[in-house]
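Summary of the model geometry
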Amino acid sequence: MTTTTWTVTGMTCDHCANAIVEEVSEIAGVEGVTVDRTAGRMTVDTSAAVADDAITDAVSEAGNYTASKQS
């Protein structure tokens, strides 16, 4: 299992966070997603390689949000 942390901007409420979790969770290989709206952070657990673009695209698809991978 691999865990990556992302900075997410544009979230203003719990609905925003839930929409992001729903979209990212649909990506093949993603096993878990947690979002801390207050901190603007998302943690993604994967069991297989997942392209960064797949994650950023899913976050954008959820609404007017952007994600960038933390080092």
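It should be emphasised that the depicted structure is a prediction, and the values quoted were computed from it without experimental measurement.

**Things to note about the side chain of T46**
Structurally, T46 can be placed in strand β3 (residues 41–46). Not counting chain neighbours up to four residues away, the residues in contact with T46 comprise M1, T2, G29, V30 and E31.

**Some words on the packing of helix α1 (residues 14–25) against helix α2 (residues 52–62)**
Where α1 contacts α2, the axes come no closer than 8 Å and their chain directions differ by 140°. Considering the angle they form, α1 stands oblique to α2. The handedness of the crossing between α1 and α2 comes out as right-handed. Taken together, the residues of α2 that come into contact with α1 (itself represented by A19, I20, E23 and V24) are I55, A58, V59, E61 and A62. Here the contact of α1 with α2 is composed, by residue class, of 7 nonpolar, no polar and 2 charged.

**As for the side chain of T4**
Locating T4 in the fold gives a position in strand β1 (residues 2–9). Here T4 falls in the buried class, since its relative accessible area comes to 17%. Only 3.0 Å separates the side chain of T4 from the side chain of W6, close enough to count as a polar contact. Once residues lying within four places of it in the same chain are set aside, the contact partners of T4 are M42, T43, V44 and K69.

**A word on the nonpolar core**
Judged by nonpolar contacts, the single largest core of 19 residues is most densely connected at V8, I20, V24, M42, V59 and Y65. For this core, the elements supplying multiple residues, two or more each, are β1, α1, β2 (30–36), β3 and α2. In terms of residues, this core owes the most to one element, α1, which gives 5 residues. Setting aside residues up to four positions removed in sequence, I20 forms contacts with V8, M11, V35, M42, V59, A62 and Y65.

**A few points about the UniProt feature "domain: HMA" (unreviewed entry) in the protein**
Here, UniProt's "domain: HMA" (unreviewed entry) annotation points to residues 2–67. Between the end C-alpha atoms of residues 2–67 there is a gap of 18 Å, over a span that is 35% helix and 35% strand.

**Points about α2**
Every buried residue of α2 is listed here: I55, A58, V59 and A62. The buried residues of α2 all sit within an arc of 100° when viewed along its axis, so they share a single face. Residues of α2 that are exposed and angled more than 90 degrees away from the buried face: D53, D57 and E61. At its buried positions, α2 is contacted by β1, α1, β3 and β4 (66–69).

So, how was this worked out
- Residues numbered from 1 in each chain as written.
- Predicted model: local features only at pLDDT ≥ 70, side-chain atom pairs only at ≥ 80, totals over all residues.
- Heavy atoms only, no water.
- Helix = DSSP H or I, 4+ residues; strand = E, 2+ residues; numbered from the N terminus.
- Contact = heavy atoms within 4.5 Å.
- Axes fitted to C-alpha atoms, helices over the stretch in contact; angles between N-to-C directions.
- Parallel < 35°, antiparallel > 145°, perpendicular 65-115°, else oblique.
- Left-handed = near helix turned anticlockwise from the far one by under 90°.
- Nonpolar A, V, L, I, M, F, W, Y, C, P; charged D, E, K, R; others polar.
- Buried < 20%, exposed > 50% of the residue type's maximum accessible area, 1.4 Å probe, protein only.
- Polar contact = N/O pair within 3.5 Å; in protein donor to acceptor, adjacent residues only side chain to side chain.
- Core = buried A, V, L, I, M, F, W, Y, C linked by side-chain atoms within 4.5 Å.
- UniProt positions renumbered as here; feature names shortened; annotations may be inferred.
- Arc of directions from axis to C-beta.

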